[in-house]
Amino acid sequence: PWFFMLSGFVLFSANSRRPTQEKPFEYVARRSATIWPLYAISLVPALIISKRVAAFDTPHGVYLALQVLLVQSWVPWLTEHTLQMHCWFLSCMLVYWFCFKALYRCVARLSLHVTGLLMLTIFAFPWVIVVAIPALSQDLEWYTEHRFGERSTFVDIAVIFLKFHPLSYFHVFVLGMLLANFR
C-alpha cells in the first residue's frame, strides 16, 4: 500500500514540475513500456517452473492471458492463482496511471483546506469499511475465514478483493497525490 501512496506523490510532483499533454492511453503505454517487457519475459520461466512442480496448478487460457495483460488483480477469483502473484500491484498501477491525468487536474485545483479535509476523509475510509461496518454485525474477525487460494465463498472473494483489487487501494494512490499537493 505504501508503494501506491509513494507513486501518487511522485507522479503528482513530477507532473507539477513537467506537465505532459498525453492522453490517458498514451500515458499508460509510456509507463507500461518501462515494466511490461521484463514482466512478460519473467512469465516464461514461471510457467516452465509451474509445469514442473506438480503441487502448483498451472494457469491456462484466459487466466494466463489476463496475467500477460497485467489485469490479474482485477478478477478476484484469479488473483491468488497466478504465476507471479507478487506482481499483483502492477495490475493496480495500470488503473491508477489511466486515471492519473484526470485526477491530477482535479487535485491540482484544490485549496489547502480542501486538500487537508480530503486527506482526513481518506484516512477514515478504511476504518469505516473494514472495522465500523463489520462491528455492526459484531464480527470483527470475519476475514479470518479465508484461506489462501480458496475462492468458494463470499468471504473468500471479499478478502481477495480487499487485499488485491485496484479499487481497494485507489484511495491510497489519491492520498499520495493529495500529500504532494499539500506540501
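Starting from 1, residues in each chain are numbered consecutively following that chain's sequence as written. Under the rules for a predicted model, residues below a pLDDT of 70 receive no local features and side-chain atom pairs below 80 are neither given nor counted, while totals for whole chains, interfaces and linings still include all residues. Side-chain numbers here rest on the full set of heavy atoms in the structure, without hydrogens or water.

A. Expanded view of the nonpolar core. In this text, buried Ala, Val, Leu, Ile, Met, Phe, Trp, Tyr and Cys residues form a nonpolar core when linked through side-chain atoms within 4.5 Å. Partly exposed residues are those whose accessible area sits between 20% and 50% of the maximum for their type, while under 20% is buried and over 50% is exposed, using a 1.4 Å probe and protein chains only. Counting 35 residues, the largest nonpolar core has Phe-4, Tyr-96, Trp-97, Phe-100, Phe-173 and Met-177 as its most contacted members. Per the convention used, a helix needs a DSSP run of H or I reaching at least four residues, while a strand needs a run of E reaching at least two, with both numbered from the N terminus. Secondary-structure elements contributing two or more residues to this core are α1 (2-17), α2 (24-32), α3 (36-52), α6 (88-108), α7 (112-136), α8 (154-164) and α9 (166-182). We call two residues in contact when some of their heavy atoms are within 4.5 Å. Excluding its chain neighbours within four sequence positions, the residues that come into contact with Phe-100 are Leu-11, Phe-12, Asn-15, Tyr-27, Phe-173 and Met-177.

B. Region of interest: α1. For α1, spanning 16 residues, the distance from its first C-alpha to its last is 23 Å, which sits close to the expected 22 Å at 1.5 Å a residue. Inspection of α1 places Phe-4, Met-5, Ser-7, Gly-8, Leu-11, Phe-12, Ser-13 and Asn-15 among the buried residues, and these make up the whole buried set. Its buried side turned inward, α1 meets α2, α6 and α9. Residue count minus one, scaled by 1.5 Å, sets the expected span of a helix.

C. Layout of the side chain of Asn-15. By secondary structure assignment, the location of Asn-15 is in helix α1. Among the polar contacts listed, one links the side chain of Asn-15 to the side chain of Lys-101, at a separation of 3.0 Å. Those residues in contact with Asn-15 that lie beyond four places of it in its chain are Thr-20, Phe-100, Lys-101 and Tyr-104. In protein, a polar contact requires one atom able to donate a hydrogen and another able to accept it; more generally it is a pair of N or O atoms within 3.5 Å, and residues adjacent in sequence count only if both atoms are side-chain atoms.

D. Quick peek at the environment of Lys-163. Looking at where Lys-163 falls in the secondary structure, it is placed in helix α8. In this structure, the C-alpha to C-alpha distance between Lys-163 and Ser-73, residues 90 residues apart in sequence, is 9.4 Å. Ignoring sequence-local partners within four residues, the contact set of Lys-163 consists of Glu-80, Trp-88 and Tyr-169.

E. Broad picture of the state of the cysteines. Pairs of cysteine sulfur atoms within 2.5 Å are identified as disulfides in what follows. Tallied over the entire structure, the rule returns zero disulfides. For Cys-87, which is in no disulfide, the shortest distance to another cysteine sulfur is to Cys-92 and amounts to 12 Å. According to the relative accessible area criterion, Cys-87 is buried, its value standing at 10%. For the unlinked cysteine Cys-99, the closest cysteine sulfur is that of Cys-106, found at 11 Å.

F. View of the pattern of salt bridges. For this analysis, a salt bridge means a side-chain nitrogen from Lys or Arg found within 4 Å of a carboxyl oxygen belonging to Asp or Glu. Under the defined criterion, the tally for this structure stands at one salt bridge. We note a salt bridge from Arg-30 to Glu-22, for which the minimum N-O separation is 2.6 Å. Note on Arg-30: relative accessible area 39%, which makes it partly exposed.

G. Looking closely at the packing of aromatic side chains. Between rings of Phe, Tyr and Trp, where Trp is taken as its six-membered ring, a pair exists when centres lie within 6.5 Å; planes separated by under 30 degrees are stacked, by over 60 edge-to-face, and by other angles tilted. Scanning the entire structure with this criterion turns up 14 aromatic pairs. Look at Phe-100 and Tyr-104: their rings are 6.0 Å apart centre to centre, the planes differ by 45 degrees, and that puts the pair in the tilted class. Here the residue Phe-100 and the residue Tyr-104 both occupy positions in helix α6, the gap between them amounting to four residues, near one helical turn. The exposure class assigned to Phe-100 is buried, which follows from its relative accessible area of 0%.

Any link to function would need more than the numbers given here.
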